[in-house]
Amino acid sequence: MLIAGDIEARRQLIAESADLAALARRLAEREAPVIAQRPPVPKMKALLSVDGGFCPDDGMVLAFDPWSPAEHRCPRCERRFAGERHDRAWARFQHLWLSERAVTLAALGTLTGQRGAAEQAASILSEYAGAYFDFPNRDNVLGPSRLFFSTYLESIWLTNYLAAATLLRESALLGESGVEGVNTVADEAANLIGDFDEGFSNRQTWNNAALAAIALWFEDEELATRAVEGQSGIVAQLARGFGEDGTWYEGENYHLFALRGQLLAMGWAHDAGADLLTDPVVSGRLLSALRAPALTALPDFTFPARKDSRFGVSLAQPMYLELWEVGLSRLGAEAADLGDWLRALYASPAPEAATFDSYLHEAGGGAPAMPRSRADLSWWSLLEMARSLPERGSGWNPGPLLLESQGLAILREGGRYASLECGPSGGGHGHADRLHLTLHAGGVPWLADAGTGSYVSRDLFWYRSTLAHNAPRLDGVSQPAGDAWCSAFEVEGEWSWARGEFGELGRTLVAGPRYFVDLVELSAPVDHVLELPWHLAGEVELVSAGAWAPGSVEDDFVEGAQRLTGRKDGTVVLRATHGSSALTLHLLFDGDLLRATGPGRPGGPPTSVFYLARAGGRNPRLIAILEPTDRVPRVRGVRSDGPAILIETEAGTDRHLATTEGWEVSGAAGKVLLGGGRRRKSAARPLIDVNRVPPPHALALHAPAPPALDGGLDEFDASEPIALDYEDQYRRSEEAYGGPEEFSATAVANWDVDTLFLAVDVVKAEAVFRERDASPLRLDNEPDDIHSDGLQLYLRPDPEGPTFGFLVVPADEHGGIRVRATEGNAGAPEMISGAWRRTETGYSIAMSVTLPGWAVRSGDEIGFDLIVNEMHPDRTRRAGQLVWSGGGGWVYLRGDRHRIEPMGVLELR
């Protein structure tokens, strides 16, 4: 932000710079309607739901119109919709948009002397100050929040809110009552945001920005130190969130989001007295973070939709342009090459206006200017953008490269781009897509990562699956969680290559002047079924001989599977066309080729046909030659000669062979040797982990006779109780643990020959159960029954076997219970029977559990965990849960999922 001493200097610079003066004029034109009439301020808290803000007919996101709080238009079918859920979805963006308007108006009032803009900004701040406590801090998805459903949104809103307040205060345009109102908001927000540290998360960069802004507002040195130097503070996020190659570990979408939060946080820290960029290590890491998305960008200037990224988003969006504008301004000559990158973006086809949580500058302003220019940016650029771009350099033209910490190998030449996905899986936003192949050529994304559409839509599970990617899977299931690594990478003249490894799987990608060689291999001690999906863009035709017959691909999202019959010599040729561009795919393998229909890429047709190569054995190989061209294909055929791959072209035969040194290519043009073997870095682990907490241990006593399952504990042997009654076992939403008198549980476990008996007595003043015929909540992808008083039970009899998980809730007032299997576990409702009853202190549940193939024996020790959910009558979402193995932290986004590692031990005696 600008403090009083900087304001006059910035005014002078705007007057002297044609670009900054044009930006100031454009901002004034854009904000004129807001100055003339204040937009509506929502009276409701935002809600995340499956149906709010979506067209019920075609699933499109409803257009955000800041001037229409009660009527919402579908941009595809043009129908208009009303209702509370749509209004609360609108409120999410309206709150954020208004805070942006406040800081934009404050910047105009401060730097261009528009008194009306400053007055309207102060009015928006005042209205929120008076209403902030009217918004309830409950029913949140991810962290405490009043205006929204997640803390990071509150942080984005507050960062803009305090930026506006700071500009007005420093310009003496915010009166004493205005300052007091902002004090009220900032003090409460400090409690909300400071209480929810998300560790190394893209969202925490925004929480840090908000905390640094609060620290500057109150001149709170202790809070500023925490925001900058804390374990997940500004410096730590830069050092650990952005890897050594500058890439954020959760993918490009979250890289860009985190980078904006990080730059804003560092700006607030600078104004609070911590100029972090004087440290060359910090400035170097920031420069790497600024360059990283430019290095991974696809030829059409969109970012690859890796992990949970949005698909097909242009890096020429103004929100992204000003990241490099601000970074270039702060780093100066050190970042001069970003000027060439920015010129390339400004010269690229201008994207349509888009809606982002952290950038609503173009919302409600009509069609954006085409082409885009520096005058299309926001208030932030008015405050920080350099007078002009640096002198033109050699142009932006990155070649092949390996991003080491991200494990992303990019083989690129001109408009051809192929990448191999190795490296870490990407945390909570990671996908089961290790060794995924992306190919972009001739202006067409032939093989793309579809990213993720919506977090509240069921197809989220499709986009996160291996089958949705161009990545290998084994035995018909998605890849397990884990990291791949790039074992070789080298560039030699017109040829380059990369090899990735993931468990027993390996994938080699070789790029030459005319075609790509792709080799997927399995090396295993036992037989497996190896499958490799191909999600091709454009119209696809079968060029080689064959016919389609009924086939089978087992997946909830897949239908219409067919198998190719009549193949010759183990080869298949497919050709995809899109406009004047084409891609020919030669497949050589011993197995079946199938085609089926699955969900399409987000934003496109709802369904799409994909192909699946399937082979069995211990050491199958799947060979593919990919030739993008706008003319007659040069590759005539593909065959194998032992380990060698022979590619017949119009110029002769190229021979490809894996060697002990790497990869060898020989043909009419000579021989090329590709090496670049790499050692795998092992993660350092301490010899002794002093923070490791041993798993809890409990006893299940033998029952001479099965106890009555009438909901009570009377016939159970309760001499070895299992207690859930202390703070470290509690996962909270907004409120901290109220103590065992308010919420606690005691469980007892008994067993006989083939059955485990479990009874749980819960202390809770008012039990709130979800009725069997209750209307669906339609909040997200989590089961509705977690938002009820009830239990989650997890059992793992064999440490190498599956976990059986169950969600159990009282179903009616006659003692019936409702059971469902938890996500990702092997449980089934028929494995549990029992009943519940109300008690003087709460309720109790008694049940029996019979697992398939489990012969219960004295002395057995099994994995065991018990969770008790807590629901309140005035809430939509659960308030918290007690976890026997140790809870702590927060209940958000857990659903009915539970990690195996912290499970306790139940000993049968």
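Residues numbered from 1 in each chain as written. Predicted model: local features only at pLDDT ≥ 70, side-chain atom pairs only at ≥ 80, totals over all residues. Heavy atoms only, no water.

A.B. asks: Help me out: how do you make sense of the overall build of the protein chain in this one?
C.D. replies: Tallying secondary structure elements over the protein chain gives 15 helices and 39 strands in all. The principal-axis extents of the C-alpha atoms in the protein chain amount to approximately 85 × 85 × 60 Å. The long-range share in the protein chain, meaning contacts at least 24 apart out of those at least 6 apart in sequence, stands at 66%. When the 84 positive and 126 negative side-chain charges of the protein chain are each reduced to one mean point, those points stand 6 Å apart. (Helix = DSSP H or I, 4+ residues; strand = E, 2+ residues; numbered from the N terminus. Contact = heavy atoms within 4.5 Å. Lys, Arg positive; Asp, Glu negative; His and termini not counted. Charge placed at Lys NZ, Arg CZ, Asp CG, Glu CD.)

A.B. asks: Even after reading the chapter, I still don't get the sheet that holds strand β3 (residues 401-403), so can you show me in this structure?
C.D. replies: Within a sheet, adjacent strands bond to each other through the backbone by hydrogen bonds, running parallel or antiparallel. As summarised here, the arrangement of the five strands in space is β3-β4-β5-β6-β7, forming an open sheet in which the pairing is antiparallel. Unpaired on one side and paired on the other, β3 and β7 (444-447) mark the two borders of the sheet. Strand after strand, the sheet turns through a mean of 20° between neighbouring axes, direction not considered. Alignment of strand β5 (residues 416-421) against strand β6 (residues 437-441), held across four bridges, turns out to be antiparallel. Residue pairing across strands places Leu420 opposite Leu437, the latter belonging to β6. Together, β3, β4 (408-413) and β5 form the strand contacts of helix α11 (residues 280-296), whose direction differs from that of β4 by roughly 55°. (Pairing = 2+ DSSP bridges. Axes fitted to C-alpha atoms, helices over the stretch in contact; angles between N-to-C directions.)

A.B. asks: Quick question: what am I supposed to make of the pattern of salt bridges here?
C.D. replies: Pairing between side chains of opposite charge can happen when the charged atoms of each approach one another. For the structure shown, the criterion picks out 57 salt bridges. Between Arg80 and Glu71 there is a salt bridge; the shortest N-O distance is 3.7 Å. Relative accessible area serves as the criterion here: at 42%, Glu71 is assigned to the partly exposed category. One salt bridge connects Arg639 with Glu648, and the closest N-O pair in it is separated by 3.1 Å. A residue is classified by how much of its surface remains accessible, and Glu648, at 32% relative accessible area, is partly exposed. Three or more residues are tied together by salt bridges with common partners; here these are Glu252, Arg306, Lys307, Glu421, Asp433 and Arg434. (Salt bridge = Lys/Arg side-chain N within 4 Å of Asp/Glu carboxyl O. Buried < 20%, exposed > 50% of the residue type's maximum accessible area, 1.4 Å probe, protein only.)

A.B. asks: Help me understand the packing of α11 against helix α13 (residues 337-347) in this model?
C.D. replies: Two numbers describe a pair of packed helices, the interaxial angle and the distance between the axes. α13 packs onto α11 with a crossing angle of 30° between their chain directions and a minimal axis gap of 11 Å. Here α11 is positioned roughly parallel relative to α13, judged by the angle of their axes. Between α11 and α13 the crossing geometry is left-handed. The segment α11 lies against α13, with Leu287, Leu290, Arg291 and Ala294 engaging Asp337, Leu338 and Trp341. Residue classes in the contact of α11 with α13 are distributed as five nonpolar, no polar and two charged. (Parallel < 35°, antiparallel > 145°, perpendicular 65-115°, else oblique. Left-handed = near helix turned anticlockwise from the far one by under 90°. Nonpolar A, V, L, I, M, F, W, Y, C, P; charged D, E, K, R; others polar.)

A.B. asks: Would you explain the nonpolar core in this entry?
C.D. replies: Among soluble globular proteins, nonpolar side chains are generally buried collectively. Counting 130 residues, the largest nonpolar core has Trp157, Leu158, Tyr161, Leu162, Tyr320 and Trp324 as its most contacted members. Examining the composition of this core, we find that 13 residues originate from one element, helix α3 (residues 84-112), more than from any other. Sequence-distant contacts of Trp324, defined by excluding residues within four places in its chain, comprise Leu256, Leu290, Pro293, Leu315, Leu338, Trp341, Leu342 and Leu345. (Core = buried A, V, L, I, M, F, W, Y, C linked by side-chain atoms within 4.5 Å.)

A.B. asks: Hey, could you run me through empty space enclosed by the protein in this one?
C.D. replies: Gaps left between atoms are located by rolling a probe of water-molecule size over the structure's atoms. If you walk through the whole model with that rule in mind, you get three cavities of 30 Å³ or more. The space that makes up the largest cavity amounts to roughly 120 Å³. The wall of the largest cavity is formed by 13 residues, among which His787, Arg877, Val891, Tyr892 and Leu893 lie closest to the centre. Here the residues of the lining of the largest cavity sort into five nonpolar, three polar and five charged. By volume, the second largest cavity is sized at about 80 Å³. The wall of the second largest cavity is formed by Glu100, Ile156, Thr159, Asn160, Trp206, Arg260, Leu264, Ser358, Tyr359, Ser378 and Trp379. Those elements that place two or more of their residues in the lining of the second largest cavity are α5 (151-170) and α10 (252-271). For the lining of the second largest cavity, the residue count by class is five nonpolar, four polar and two charged. (1 Å grid on protein atoms, 1.4 Å probe; cavity = no way out; pocket = protein on both sides within 12 Å on 5 of 7 lines; lining within 4 Å. Points joined across faces, edges and corners; volume = space filled by probe spheres on them.)

A.B. asks: Is there a simple way to think about helix α9 (residues 234-241) in this case?
C.D. replies: Helical periodicity: at 3.6 residues per turn, an α-helix aligns residues three or four positions apart in one direction. Within α9, burial applies to Ile234, Ala236, Gln237, Leu238 and Gly241. Contacts made by the buried residues of α9 are with α7 (202-218), α8 (221-229), α10 and α11.

A.B. asks: Before we go on, may I ask you to explain the sheet that holds strand β22 (residues 635-641) in this structure?
C.D. replies: Pairing within the open sheet is antiparallel, and its five strands lie in the order β22-β23-β24-β25-β26. In this open sheet, the two strands that pair with only one neighbour each are β22 and β26 (670-674). Between one strand axis and the next, the sheet turns by 15° as a mean value, whatever way the strands run. Pairing between strand β24 (residues 652-658) and strand β25 (residues 663-667): four bridges, direction antiparallel.

A.B. asks: I keep staring at α5 and nothing clicks. Help me out?
C.D. replies: Taking 1.5 Å of rise per residue, 20 residues should cover 28 Å, and α5 covers 28 Å from first to last C-alpha, within 8% of that figure. Following α5 by one or two positions, Ala172 adopts a phi angle in the positive range, close to 60°. (Expected span 1.5 Å × (residues − 1).)

A.B. asks: Looking at this structure, how should I read the environment of Arg285?
C.D. replies: In this fold, Arg285 is placed in helix α11. In the structure, Arg285 is positioned 243 residues away from His528 in sequence and 43 Å away in space, judged by C-alpha atoms. When near neighbours in sequence (up to four residues on either side) are disregarded, Arg285 contacts Leu238, Ala239, Phe242, Gly243 and Glu244. Within the structure, the side chain of Arg285 is placed 2.8 Å from the backbone oxygen of Ala239, a separation counted as a polar contact. There is a polar contact of 2.8 Å between the side chain of Arg285 and the backbone oxygen of Phe242. (Polar contact = N/O pair within 3.5 Å; in protein donor to acceptor, adjacent residues only side chain to side chain.)

A.B. asks: What is the right way to read the environment of Glu334 from this model?
C.D. replies: By the element assignment, Glu334 lies in the loop between α12 (318-331) and α13. On the basis of relative accessibility, which here comes to 37%, the residue Glu334 falls in the partly exposed class.

A.B. asks: Help me understand the packing of α5 against helix α6 (residues 176-194) in this model?
C.D. replies: It is the contact of α5 with α6, at a shortest axis distance of 11 Å, that shows an interaxial angle of 150°. The pairing of α5 with α6 is recorded here as roughly antiparallel in orientation. Crossing geometry of α5 relative to α6 is assigned as left-handed. Every residue of α6 that contacts α5 at Thr151, Glu154, Ser155, Trp157, Leu158, Tyr161, Leu162, Ala165 and Arg169 is listed here: Val179, Gly181, Val182, Val185, Ala186, Ala189, Leu192 and Ile193. A per-class count over the contact of α5 with α6 returns 12 nonpolar, three polar and two charged.

A.B. asks: What should I look at first to understand the packing of aromatic side chains in this one?
C.D. replies: Two numbers describe a pair of aromatic rings. These are the distance of the centres and the angle of the planes. Counted according to the given criterion, the structure contains 28 aromatic pairs. When the centroid spacing of 4.8 Å and the interplanar angle of 20° are considered together, the rings of Trp157 and Tyr161 count as stacked. Of this pair, Trp157 and Tyr161 both sit in helix α5, four residues apart, which is roughly one turn of the helix. Ring geometry for Trp462 against Phe610: centres 6.0 Å apart, planes inclined by 50°, an arrangement best described as tilted. Of this pair, Trp462 sits in helix α15 (residues 460-463) while Phe610 is found in strand β20 (residues 607-617), placing the two residues 148 residues apart along the sequence. Aromatic rings pair up to connect Tyr128, Tyr132, Phe133, Trp157 and Tyr161 into one cluster. Across from the ring centre of Trp534, 5.9 Å away, lies the NZ or CZ of Arg507, which sits over that ring. The aromatic ring of Phe589 is capped on one face by Arg567, whose charged end is 4.4 Å from the ring centroid. (Phe/Tyr/Trp six-rings, centres within 6.5 Å; stacked < 30°, edge-to-face > 60°. Lys NZ or Arg CZ within 6 Å of the ring centre and 35° of its normal.)

A.B. asks: Would you take a moment to explain the pairing of strand β18 (residues 581-588) for this structure?
C.D. replies: Regular strands place side chains that alternate from one sheet face to the opposite one. Burial analysis of β18 places eight of its eight residues in the buried class, the great majority of the element. Every second residue of β18 is oriented toward a common face, with Ser581, Leu583, Leu585 and Leu587 on one face and Ala582, Thr584, His586 and Leu588 on the other, all of them buried. Note that strand β17 (residues 571-578) and β18 share eight bridges and pair antiparallel. Counted as the bridge partner of Arg575 is Thr584 from β18. Counting the residues between successive antiparallel strands, the hairpin from β17 to β18 contains two residues, one of them, Gly579, with a positive phi of roughly 65°. Pairing of β18 with strand β21 (residues 621-629) involves seven bridges; the strand directions are antiparallel. Across the sheet, Leu588 pairs through a bridge with Ile623, a residue of β21.

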